[in-house]
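# Chains, contacts and geometry: an overview
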Amino acid sequence: MNTELVLHTLLGLLLLLIPAGLLYLLERPMLKTFGIAIGRMIIQLAVLCLVVWGLIRVDSPWLLILWLVVIAAYSGWLVVKRCKQDVRKFLLPVCAGLLIGVSLVAFWLLGLVFPVRVFDAHWFVPVTALLTGHATAMMIRGLSTYLSALKADEQQYEFLQGNGVAHFKALQPFLRRSLLAVISPTVANLSVLGLTSMPLLLVGILLGGISPLHAFILMLGMIAGCVSASVLSLVITLFLADKSLFSAPQTKSEKEIYESI
């Protein structure tokens, strides 16, 4: 790292004096929280950049696969914690759902949509990271909605089961709510993506030397990939978790099943 790069970095960080100064004048107690958040962000970003640098330097397909497994496992743990569920019961289904859903979409994008090698670290790492991040956020919404609906409306499920409705058919109202919890915010945000988060991605792509036309295609592919990976990961997770949620003997009451969730 040369002196010029350090100087430019410090000059960029000096821009933070603008919000910090306003907080000092108007909301001084918030200044400490702001400083801690900025410090954590810098540390996390530095660690992430070091990891990415190592992946690009080694450029090994097996190491990239290990990267995908690790971020899927960590993201799955975050989902279970945010949903306040039993780690032993939900960690494996959630991690597997994220890993399979993100992997299928990532390999589709890298192998068929984008003109790159599948295991090119320059593409594999950012694509899988973006897909996993979006799928994780949507998984928290979808899984929380599904489990809350099961607990709140257990009588509806019991009624349908008591009338001879198949298990999957009886779960459709709850699956519908879970799917809407993922799709609805995505649909609502699509109209403003071009004015909020997408310009950041566009800037990064353009700074990488890609033409505006190719950048447009890449952005469309990533938007479609994020939505698809989120839905696919949720469906796989609910399918895998279903066996642990409803694996109790028939003599056990549904109330006891829901209390064990």
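The following refers to the structure shown. These figures come from a predicted structure and were not determined experimentally.

### Digging into the overall build of the protein
Scanning the protein from terminus to terminus reveals 11 helices and 0 strands. Listing the helices and strands of the protein from first to last along the sequence gives α-α-α-α-α-α-α-α-α-α-α. Every one of the 261 residues in the protein was classed for burial, and the buried ones make up 34%. When contacts within the protein are restricted to residue pairs at least 6 apart in sequence, those whose partners lie at least 24 apart make up 68%. Put simply, the protein shows about 15900 Å² of open surface, and 71% of that area lies on carbon and sulfur atoms.

### Observations concerning unusual backbone geometry
The phi angle at aspartate 59 is positive, at roughly 55°, despite the residue not being glycine. Note on placement: aspartate 59 falls in the loop between α3 (29-58) and α4 (61-83). We classify aspartate 59 as partly exposed; its relative accessible area is 32%.

### Details of the packing of aromatic side chains
Overall, the coordinates contain 5 aromatic pairs when judged by the stated rule. Between the aromatic rings of phenylalanine 107 and phenylalanine 119, the centroid separation amounts to 5.9 Å while the plane-to-plane angle is 65°, which identifies the pairing as edge-to-face. Within this pair, whereas phenylalanine 107 is found in helix α5 (residues 87-113), its partner phenylalanine 119 is found in the loop between α5 and α6 (121-152), the two being separated by 12 residues in sequence. Residue phenylalanine 107 is classed as partly exposed on the basis of its relative accessible area of 34%. Geometrically, the ring pair formed by phenylalanine 114 and tryptophan 123 is tilted, given 5.8 Å between the ring centres and 45° between the ring planes. Judged by its relative accessible area of 4%, phenylalanine 114 is buried. For tryptophan 123, a relative accessible area of 22% translates into the label partly exposed. Members of the aromatic cluster, each reached through a chain of ring pairs, are Phe107, Phe119 and Phe124.

### Here we look at a nonpolar patch on the surface
Together, Val6, Leu10, Leu13, Met41, Ile42, Leu45 and Leu48 line one region of the surface with nonpolar side chains, adding up to about 570 Å² of accessible area. Elements supplying a minimum of two residues to the nonpolar patch: α1 (3-13) and α3. For the nonpolar patch, the leading source of residues is α3, giving 4 residues. With respect to the helices and strands, leucine 48 occurs in helix α3. Taking relative accessible area as the criterion, leucine 48 reaches 40% and is therefore assigned partly exposed.

### Focus on the side chain of serine 103
Along the chain, serine 103 turns up in helix α5. Those residues in contact with serine 103 that lie beyond four places of it in its chain are Leu68 and Leu98.

### Points about the nonpolar core
Membership of the largest hydrophobic core comes to 43 residues, with the highest contact counts inside it found for Val79, Val94, Phe114, Val127, Leu131 and Tyr146. Listed by contribution, the elements that provide at least two residues to this core are α4, α5, α6, α8 (167-193) and α10 (212-245).

### Quick word on the pattern of salt bridges
Taken as a whole, this structure holds 1 salt bridge when the rule is applied. Of the charged contacts, one joins aspartate 59 and arginine 117 as a salt bridge, the two residues approaching to 3.7 Å between their closest N and O atoms. Highlighted residues: aspartate 59 in the loop between α3 and α4 and arginine 117 in the loop between α5 and α6, separated in sequence by 58 residues.

Parameters and conventions
Residues numbered from 1 in each chain as written. Predicted model: local features only at pLDDT ≥ 70, side-chain atom pairs only at ≥ 80, totals over all residues. Heavy atoms only, no water. Helix = DSSP H or I, 4+ residues; strand = E, 2+ residues; numbered from the N terminus. Buried < 20%, exposed > 50% of the residue type's maximum accessible area, 1.4 Å probe, protein only. Contact = heavy atoms within 4.5 Å. Areas by Shrake-Rupley, 256 points an atom, 1.4 Å probe, with all protein chains shown as cover. Phe/Tyr/Trp six-rings, centres within 6.5 Å; stacked < 30°, edge-to-face > 60°. Patch = residues over 30% accessible without salt bridge, like charges linked within 9 Å, V, L, I, M, F, W, Y side chains within 5 Å. Salt bridge = Lys/Arg side-chain N within 4 Å of Asp/Glu carboxyl O. Core = buried A, V, L, I, M, F, W, Y, C linked by side-chain atoms within 4.5 Å.

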